[in-house]
Amino acid sequence: MNVAVTMFCGGRGAAGIARGMLGAPGVVLSLIVNGYDNGLSTGALRRYLPGMLGPSDFRKNLLLHLDPADPAQAALAAVLDHRLPGGTTPAGLAAVIESITARRGRFAALPEAAREAVTADLRVFARRLAAYPHGLDLSDCALGNLVFAGAYLRLGRDFNAAVEACARTFGSPVRLLNVTNGENAFLAALRRDGGLLADEAEIVAPQGPGAITDLFLLREPLGARRRAELEALPPAWTREVLRRERAEVTPNPRALAAIRDADLIVYGPGTPHSSLLPSYLTPGVADAVARSRAAAKVFVVNARNDHDVRELSAPDLVDRTLAYLGDPRNERRLVTHVLSHHASTPDAPAVPYGVLDRGEWAGARWIGADLDHRGVHHAERTAEALLAIRDEAALARAR
């Protein structure tokens, strides 16, 4: 009997768990991701194609099933992860496309159908670049992001259609879903000390003291002038202004269906304030979780800290998730279980001993297990622990 697992995730934080799930018999895996990444080359691409969300986290999730020991799959991974060198020109991109067409070097074993799809989308992007050659530095661009951009242009600037097309091209066994209908939006945040983090890149970067207290989805990115205006205001005023400038986004119906039809919902680990919490702000997500048939809705504690969780413990992160889902007291049972490594580690969000001893937080059962593997989640053990929680919860419900 198949088990439908739906996991909220970002680009890499939950990759091990996803791979563990893909290796578990009978698991049908859906991953729900947001597209607010705007760091480095991804940010440059978003500025070059106004209206497009960031493809990086979707691209990274297309690598989950690819085995580097298999020549064909290694060639697919090479397309996704190949970085264009500094100084790459449109002619240089054309040369890379020609290498893929001729199956040279790293692309030699690329399957025919994938080769045709990849080159078709790259050529769409290359034509755009030829028509508008200014405004994009190709240095360090991931080739896979340009495949996404070409699919986005080819499909009438429909980001979700581009995600589906790229998932087919790279043979993903995962249902990869954008949490929204593709509306463009930009992240900003405020810290406890009043400091403004003007975009997603700053949110995930090393920071000064002061936990993040507020997260915003904005209609427009904060330029230098607008940022200076906001930083001149008292923090309470800045907070109110940013709330008024929030983006209106709508949920992806396919993502809501994946949540409602799941047997197990996983709030995956990752960078909370960029990869996870923004997804929970999407209208309709909390209601879909509340109405889901899932026997277990499990929050997985990070195996290591990220820059954006300064001064936040593991229970704080559970509370933050519930708050962004609009259920701060967990009255709707949006989190039924919390899963963490069985012992505190210095590089992970702190789990107070009292919480582990009591086995409960915010009305959710807290479970410790042997999950850590060199600072990341052990793929098989974590997947097994999550599926065991689901099985136990389903059995208890049936009694």
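Being a predicted model, the structure only gives us computed values, none of them experimental.

## As for empty space enclosed by the protein
Going through the model one piece at a time under the given rule, you end up with three cavities of 30 Å³ or more. Estimates place the volume of the largest cavity at around 130 Å³. Along the wall of the largest cavity there are 15 residues; nearest its centre are N302, H341, A343, T345 and A348. Here the lining of the largest cavity is composed, by residue class, of eight nonpolar, six polar and one charged. A volume near 90 Å³ is recorded for the second largest cavity. Every residue along the wall of the second largest cavity is listed here: G268, P269, P272, L276, L277, Y280, F299, V300, N302, L317 and T321. Classifying every residue of the lining of the second largest cavity gives eight nonpolar, three polar and no charged.

## With respect to the layout of surface pockets
Space inside the largest pocket adds up to approximately 940 Å³. Along its surface, the largest pocket is lined by 39 residues, and G11, R12, G13, K60 and T271 are the ones closest to its centre. Listing elements by their share of the lining of the largest pocket, those giving two or more residues are α1 (15-22), α2 (40-48), α3 (56-61), α9 (200-204), α13 (272-280) and β13 (376-377). In terms of residues, the lining of the largest pocket owes the most to one element, α3, which gives four residues. Its residues assigned to classes, the lining of the largest pocket comprises 10 nonpolar, 17 polar and 12 charged. In this structure, the second largest pocket spans a volume of roughly 300 Å³. Taken together, the elements giving at least two residues each to the lining of the second largest pocket come down to β6 (212-218) and α11 (235-244). With five residues, the single largest contributor to the lining of the second largest pocket is β6. When the residues that make up the lining of the second largest pocket are grouped by side-chain class, the tally is nine nonpolar, one polar and four charged.

## Structural notes on the packing of aromatic side chains
Aromatic ring pairs are described here by two measures, namely the spacing of the ring centres and the angle between the planes. Per the stated rule, a full pass over the model turns up five aromatic pairs. When the ring of F8 is compared with that of Y267, the centres are 5.7 Å apart and the planes differ by 5 degrees; the resulting orientation is stacked. In this pair, F8 sits in strand β1 (residues 3-8) while Y267 sits in strand β7 (residues 264-267), placing the two residues 259 residues apart along the sequence. Pair check on accessibility: F8 and Y267 agree, each one buried. Aromatic side chains F8 and Y280 sit 5.2 Å apart centroid to centroid with 85 degrees between the ring planes, which places their arrangement in the edge-to-face category.

## Topic: the packing of helix α5 (residues 90-101) against helix α6 (residues 112-131)
Interaxial distance between α5 and α6 falls to 10 Å at its minimum, and their mutual angle equals 165 degrees. Between α5 and α6, the angle is such that the two are roughly antiparallel. Seen along the crossing, α5 lies across α6 with a hand that is left-handed. Note on element contacts: α6 touches α5 through R115, V118, T119, L122, R123, F125, A126 and L129, opposite P90, L93, I97, I100 and T101.

Cut-offs and rules
- Residues numbered from 1 in each chain as written.
- Predicted model: local features only at pLDDT ≥ 70, side-chain atom pairs only at ≥ 80, totals over all residues.
- Heavy atoms only, no water.
- 1 Å grid on protein atoms, 1.4 Å probe; cavity = no way out; pocket = protein on both sides within 12 Å on 5 of 7 lines; lining within 4 Å.
- Points joined across faces, edges and corners; volume = space filled by probe spheres on them.
- Nonpolar A, V, L, I, M, F, W, Y, C, P; charged D, E, K, R; others polar.
- Helix = DSSP H or I, 4+ residues; strand = E, 2+ residues; numbered from the N terminus.
- Phe/Tyr/Trp six-rings, centres within 6.5 Å; stacked < 30°, edge-to-face > 60°.
- Buried < 20%, exposed > 50% of the residue type's maximum accessible area, 1.4 Å probe, protein only.
- Axes fitted to C-alpha atoms, helices over the stretch in contact; angles between N-to-C directions.
- Parallel < 35°, antiparallel > 145°, perpendicular 65-115°, else oblique.
- Left-handed = near helix turned anticlockwise from the far one by under 90°.
- Contact = heavy atoms within 4.5 Å.

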